[in-house]
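# What the coordinates show
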Amino acid sequence: MDIASLLLDNPYVLAPLAGYTDLAFRLLCREQGAGLCFTEMISCHGLVYGQKNTKILLQSTADDRPLAIQLFGSNPEVMAEAAGLITRADGDFIDINMGCPVRKVVKKGAGAALMKEIKLAERIITQVVAHSLLPVSVKFRSGWNSEKIIAPEFAQMAENAGACAVTLHARTWSQAFGGCADWELIARVKDAVSIPVIGNGDILTYTDGRRMLSKTGCDGVMVGRGALGNPWVFSKAGRPVSLTARLPIILRHIELVTEYLQAEKMLFRIKNHVGRYLSGLPGASRLRQEFMACATVEELIRLLRREEKFT
Ligand SMILES: Cc1cc2nc3c(=O)[nH]c(=O)nc-3n(C[C@H](O)[C@H](O)[C@H](O)COP(=O)(O)O)c2cc1C
């Protein structure tokens, strides 16, 4: 896949996932083959006001490339100002979130609400493109609900407004994260535009990704929930079946979290991920209860090593 002259060596992309796709997890997924990663969505207001918690979301390293920095907001001027603050040192391109279904985002006219306000969406893209030092892509959904499927027209609007690529999460706002993603719509979006199209929705395995690529003709495939507890999704071999075989990656994740996350967030964040790494293993629910009680990262590592001897 080639986005704004950025050649990706793997079409598998790590989705933006608020609360999960921090620097540590992105680096881990890259080590497992992810060709491109997105930051979680970053508030344009938070950036413009220089809020500390917002700026932390921009944390990155030279190994964390190629990187898309995702912004959300509904005010074209503030979005443009925020985009202008992001430089090559931060990432490779800016992505605009026009798909988030969460009530507190939609209530303010941002995220998926912009699919009901195409003119405003167009102004935001045009303004961001005009003020950004980096190329700009857009991530959106199928439409607001099943009666208003507008993804192909929306993609054309984004292309005409200057977007370098689009990502379609092929669900409507009203589906939120339930039901099935409509992969046929991804093919229709691919036919509607000449910029690269990243397909998204329901990729749980590497094979699912290959199927989406061949069924829809899209240029890249974005993995969201399927990557949680499963960074192996980015390579053909897939997730190992025993704790012993999964442990090196779990420990590597803990190492990266310890290196890059603020101390007060570390334990909570890693427990959240480790629970998912245990999925499908015998005794997973007992082990989950035990590690939730761990008070330190060291205790958690000891527990996993002890457990490994029995699996
Ligand atoms: C916990 C969680 C957080 C998410 N955060 C974001 C976000 O910050 N920005 C965004 O565009 N999408 C976000 N999404 C949506 C995902 O990027 C993706 O579009 C969606 O999960 C569908 O892909 P999947 O079926 O592979 O999970 C989030 C989804 C989940 C489950």
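Attention here is on the structure that accompanies the text.

Further remarks concern the packing of helix α11 (residues 263-277) against helix α12 (residues 284-292). Relative orientation of the contacting elements α11 and α12 amounts to 170°, with a least axis distance of 10 Å. Considering their axes alone, α11 and α12 lie roughly antiparallel with respect to each other. Counted together, K271, V274 and G275 of α11 and R288, F291 and M292 of α12 form the full contact between these two elements. Taken together, the residues of the contact of α11 with α12 break down into 3 nonpolar, 1 polar and 2 charged.

The element strand β9 (residues 165-172) is extensively covered by neighbouring structure, given that 8 of its 8 residues are classed as buried. Burial along β9 is two-sided: A165, T167, H169 and R171 and V166, L168, A170 and T172, pointing in opposite directions, are all buried. In this view, the connection linking strand β8 (residues 136-143) to its parallel neighbour β9 by way of helix α7 (residues 151-160) has right-handed handedness. Read from β9 through helix α8 (residues 183-192) to strand β10 (residues 197-200), the crossover connection turns out right-handed.

A word on the side chain of R269. Following the sequence through the fold, R269 ends up in helix α11. By relative accessible area, which is 13% here, R269 ends up buried. Those residues within four positions of R269 in sequence are excluded, and the remaining contacts are G19, Y20, D22 and L261.

Given a rise of 1.5 Å per residue, 15 residues ought to cover 21 Å, and the 22 Å separating the end C-alpha atoms of α11 matches this to within 8%. Among the structural elements, α1 (23-31), α10 (243-260), α12 and α13 (297-308) are those in contact with the buried residues of α11.

The environment of the ligand is formed by 18 residues, the closest being P16, A18, Q70, N200 and R225. Take N97: an N or O atom from its side chain is 3.3 Å from an oxygen atom of the ligand. R225 places a side-chain nitrogen or oxygen 2.7 Å from an oxygen atom of the ligand. Per-class residue counts for the shell around the ligand are 7 nonpolar, 6 polar and 5 charged.

What follows covers the side chain of Q70. Among the structural elements, Q70 can be located in strand β6 (residues 67-72). Only 3.0 Å separates the side chain of Q70 from the side chain of D95, close enough to count as a polar contact. Within the structure, Q70 has its side chain in polar contact with the side chain of N97 (distance 3.3 Å). Residues within four places of Q70 in sequence aside, it is in contact with P16, T39, E40, M41, I42, D95, I96, N97 and K139.

This part takes up the pairing of β8. For β8, a buried count of 8 out of 8 residues is recorded, marking the element as mostly surrounded by other parts of the structure. The sheet contact formed by strand β7 (residues 93-98) and β8 spans 5 bridges and is parallel. Directly across from I96, in β8, lies its bridge partner V138. Two strands pair when backbone bridges link them, and β8 and β9 are joined in this way by 6 bridges, in the parallel orientation. Of the residues in β9, the one forming a bridge with G143 is T172.

Our next topic: α8. Among the residues making up α8, those that are buried are W183, L185, I186, A187 and V189. Buried residues belonging to α8 abut β8, α7, β9, β10 and α9 (206-216). Measuring from the side-chain oxygen of the N-cap residue of α8 to the backbone nitrogen of E184 gives 3.1 Å; that N-cap residue is D182.

With that out of the way, let us pick up the pattern of salt bridges. Scanning all chains against the criterion turns up 14 salt bridges. Across the pair R286 and E290 runs a salt bridge, and its minimum N-O distance is 2.9 Å. In this pair, R286 and E290 both sit in helix α12, 4 residues apart, roughly one turn of the helix. Of the residues examined, E290 reaches a relative accessible area of 29% and is grouped as partly exposed. Where salt bridges share partners, they join R286, E290, R306 and E307 into one cluster.

Generally, phi is negative for residues other than glycine and the peptide bonds are trans, each holding for most cases. A cis amide bond links R65 with the next residue in sequence, P66, at an omega value of -5°. Of note, P66 is situated in the loop between α3 (52-56) and β6. Located in the positive-phi region is A4, a residue other than glycine, with phi close to 45°. Along the chain, the position of A4 falls in the loop between β1 (2-3) and β2 (6-7).

Conventions adopted
- Here the residue index of a chain counts from 1 through its sequence in written order.
- In keeping with the model being predicted, local features are shown solely for residues with a pLDDT of at least 70 and side-chain atom pairs are shown and tallied solely at 80 or more, while totals for entire chains, interfaces and linings include all residues.
- Excluded from the side-chain calculation are hydrogens and water; included are all heavy atoms of the structure.
- Fitted lines through C-alpha atoms serve as axes, helices being fitted only where they are in contact, and the angles separating the N-to-C directions of these axes extend from 0 to 180 degrees.
- Only DSSP runs of H or I covering at least 4 residues are called helices, and only runs of E covering at least 2 are called strands; the numbering of each starts at the N terminus.
- By the definition adopted for this analysis, an angle is roughly parallel if under 35 degrees, roughly antiparallel if over 145, roughly perpendicular if from 65 to 115, and oblique otherwise.
- By definition, residues are in contact when any of their heavy atoms lie within 4.5 Å.
- Classification convention: Asp, Glu, Lys, Arg as charged; Ala, Val, Leu, Ile, Met, Phe, Trp, Tyr, Cys, Pro as nonpolar; all other residues, Gly among them, as polar.
- Note on classification: 1.4 Å probe, protein chains only; a residue is buried when its accessible area is under 20% of the maximum for its type, exposed when over 50%, partly exposed between these limits.
- Place the viewer so that the strands point away; then a crossover is right-handed whenever the path from the first strand over the helix to the second strand goes clockwise.
- To estimate how far a helix should reach, multiply one less than its number of residues by 1.5 Å.
- Nearness is judged by heavy atoms alone; a residue qualifies as near a molecule or strand once a single heavy atom is within 4 Å of it.
- Pairs of N or O atoms within 3.5 Å make up the polar contacts considered here, provided that, within protein, one atom can donate a hydrogen while the other can accept it, and that residues adjacent in sequence are counted only when both atoms are side-chain atoms.
- The rule for pairing is simple: two strands pair if DSSP sees at least two bridges between them.
- Here a salt bridge means any side-chain nitrogen of Lys or Arg lying within 4 Å of a carboxyl oxygen belonging to Asp or Glu.

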